[in-house]
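# Structural features, examined
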Amino acid sequence: EVQLQESGPGLVKPSQSLSLTCSVTGYSITSNYWGWIRKFPGNKMEWMGYINYSGSTRYNPSLESRISITRDTSKNQFFLQLNSVTTEDTATYYCARSTNYMDFDYWGQGVMVTVSS
Amino acid sequence: DIQVTQSPSSLLASLGERVTITCQTSQSIRNNLNWYQQKPGQAPMLLIYYATSLQTGMPSRFSGQYSGRSFTLTITSLEPEDIANYFCLQHYSAPYTFGAGTKLELK
């Protein structure tokens, strides 16, 4: 079965970069689409972007200037980097898989990140 | 961006009761909407995909319907394990957007 697990620091200082890892088991990230979603306090959710089977990326235009999604196929992991964070980036971050037949079918349990000095 | 309006934001229901949650989109998305169940500290679980298809392994008391831009998730008879947060997601057009969620609680 496909499993995704997010990891990374739970606290980031304003103006710094947020870096998270999604480790995938049970499925190769060289197939399909692998994305990041976040849930803010108050429950609003935002799709951040994805990296696909060939390494191409697509981002939410609202984040395009400061987001990067990359991958390490040898470790079957993909990564989120969000630059110049503010307190508005405090959220629970999820990684998820999409296929050509079904979008966002498997999710990780999420990692909470607080941006605070 | 496509706006998704979900209602209600919270819902009190009794065991055995029929529960309905609705998402309305700001423009047509055909049937490109998923429903998820999420319990605290757990990963969201896909319940319904393409508006009406029940995900493998999900109980048949869950169903999805749509008409135009209005989408509904129905639980025909509420079970204790259904107490959770539910949200919808439109995947018709990027940036993909979400409903605000419905917190389902026992009356």
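Here the residue index of a chain counts from 1 through its sequence in written order. All chains are assigned letters beginning at A, and all ligands numbers beginning at 1, according to the order in which they are written. Restriction of local features to residues with pLDDT of at least 70 applies here, the model being predicted, together with a cutoff of 80 or more for giving and counting side-chain atom pairs; totals for whole chains, interfaces and linings are based on all residues. The basis for every side-chain value is the complete set of heavy atoms in the structure, and neither hydrogens nor water enter the calculation.

The next subject is the overall build of chain A. Numbered from the N terminus, helices here are DSSP runs of H or I no shorter than four residues, and strands are runs of E no shorter than two. Looking only at helices and strands, chain A features zero helices and 11 strands. Its helices and strands in sequence order give chain A the pattern β-β-β-β-β-β-β-β-β-β-β, from N to C terminus. It is over C-alpha atoms that the radius of gyration is taken, and the globule rule equals 2.2 Å times the number of residues to the power 0.38. In terms of overall size, chain A behaves like a compact globule, its C-alpha atoms giving a radius of gyration of 13 Å where 117 residues would be expected to give roughly 13 Å. By its C-alpha atoms, chain A is 40 × 25 × 25 Å across when sized along the principal axes. Counting all 117 residues of chain A, 51% fall into the buried class. The contact criterion used throughout is that any non-hydrogen atoms of two residues lie within 4.5 Å. In chain A, the proportion of contacts linking residues at least 24 apart, taken out of those at least 6 apart, comes to 52%. Computed with the Shrake-Rupley method and a 1.4 Å probe, the accessible areas treat only the protein chains shown as cover for residues. Carbon and sulfur atoms form 44% of the exposed surface of chain A, whose accessible area is close to 5500 Å². Counting 9 positive and 9 negative side-chain charges, chain A places the averaged centre of each group 4 Å from the other. Residue exposure (1.4 Å probe, protein chains only): buried if accessible area is under 20% of the type maximum, exposed if over 50%, otherwise partly exposed. When charges are counted, Lys and Arg are positive and Asp and Glu negative, with His and the chain ends excluded. All charge positions are set by atom: Lys at NZ, Arg at CZ, Asp at CG, Glu at CD.

Residue and element names in this part refer to chain A. Here, the term nonpolar core denotes a set of buried Ala, Val, Leu, Ile, Met, Phe, Trp, Tyr and Cys residues that are joined through side-chain atoms within 4.5 Å. L18, W36, F78, L80 and Y93 are the most contacted members of the largest nonpolar core, which totals 27 residues. Mapped onto this core, the elements with two or more residues apiece are β3 (18–25), β4 (33–39), β5 (45–52), β7 (67–72), β8 (77–82), β9 (91–98) and β11 (111–115). When residues in this core are grouped by element, the largest group, four residues, is from β3. Once residues lying within four places of it in the same chain are set aside, the contact partners of L18 are V12, L80, Q81, L82, V85, Y93 and V113.

Defined by distance alone, a disulfide is two cysteine sulfur atoms within 2.5 Å. Throughout the structure, instances matching the rule amount to two disulfides over all chains. Each sulfur in the disulfide pair C22(A) and C95(A) lies 2.1 Å from the other. Taking the sign of the S-S torsion, about 70 degrees here, the bridge from C22(A) to C95(A) comes out right-handed. One end of the pair, C22(A), is in strand β3; the other, C95(A), is in strand β9, and 73 residues separate them in sequence. For the pair shown, C22(A) and C95(A) are each scored as buried. Here C23(B) engages in a disulfide with C88(B); their sulfurs sit 1.9 Å apart. Residues C23(B) and C88(B) are joined by a disulfide whose S-S torsion is about -95 degrees; by sign, that bridge is left-handed. In this pair, C23(B) sits in strand β3 (residues 19–25) while C88(B) sits in strand β9 (residues 85–90), placing the two residues 65 residues apart along the sequence. Under the relative-accessibility criterion, C23(B) is labelled buried at 0%.

All names here are of chain B. Only centres within 6.5 Å qualify two rings of Phe, Tyr or Trp (six-membered ring in Trp) as a pair; their planes then separate them into stacked at under 30 degrees, edge-to-face at over 60, and tilted for everything else. Summed over the entire model, instances satisfying the criterion amount to 18 aromatic pairs over all chains. Measuring from ring centre to ring centre gives 5.1 Å for Y36 and F87, while their planes differ by 15 degrees; the resulting arrangement is stacked. Placement of Y36 in strand β4 (residues 33–38) and of F87 in strand β9 is noted, with a sequence separation of 51 residues between them. Judged by its relative accessible area of 0%, Y36 falls in the buried class. The class for F87 is buried, based on a relative accessible area of 1%. Taking the centre distance of 6.0 Å and the plane angle of 55 degrees together, the rings of F87 and F98 count as tilted. Taken together, the residues span a long stretch of sequence, with F87 in strand β9 and F98 in strand β10 (residues 97–98) at a distance of 11 residues. By relative accessible area, F98 is classed as buried at 8%.

Quick look at the sheet that holds β3(A) now. Residues and elements named next belong to chain A. By this definition, two strands are paired if DSSP reports at least two bridges between them. In spatial order, the strands read β1-β3-β8-β7; together these four strands make up an open sheet with antiparallel pairing. Of all the strands in the sheet, the pair left with one neighbour each is β1 (3–7) and β7. This sheet shows a mean twist of 20 degrees between the axes of neighbouring strands, independent of strand direction. Pairing analysis gives five bridges linking β1 to β3, with the strands arranged antiparallel. Opposite Q5, over in β3, you have S23 as the bridge partner. Note on geometry: axes are lines fitted to C-alpha atoms, helical ones only across the stretch in contact, with angles between N-to-C directions running from 0 to 180 degrees.

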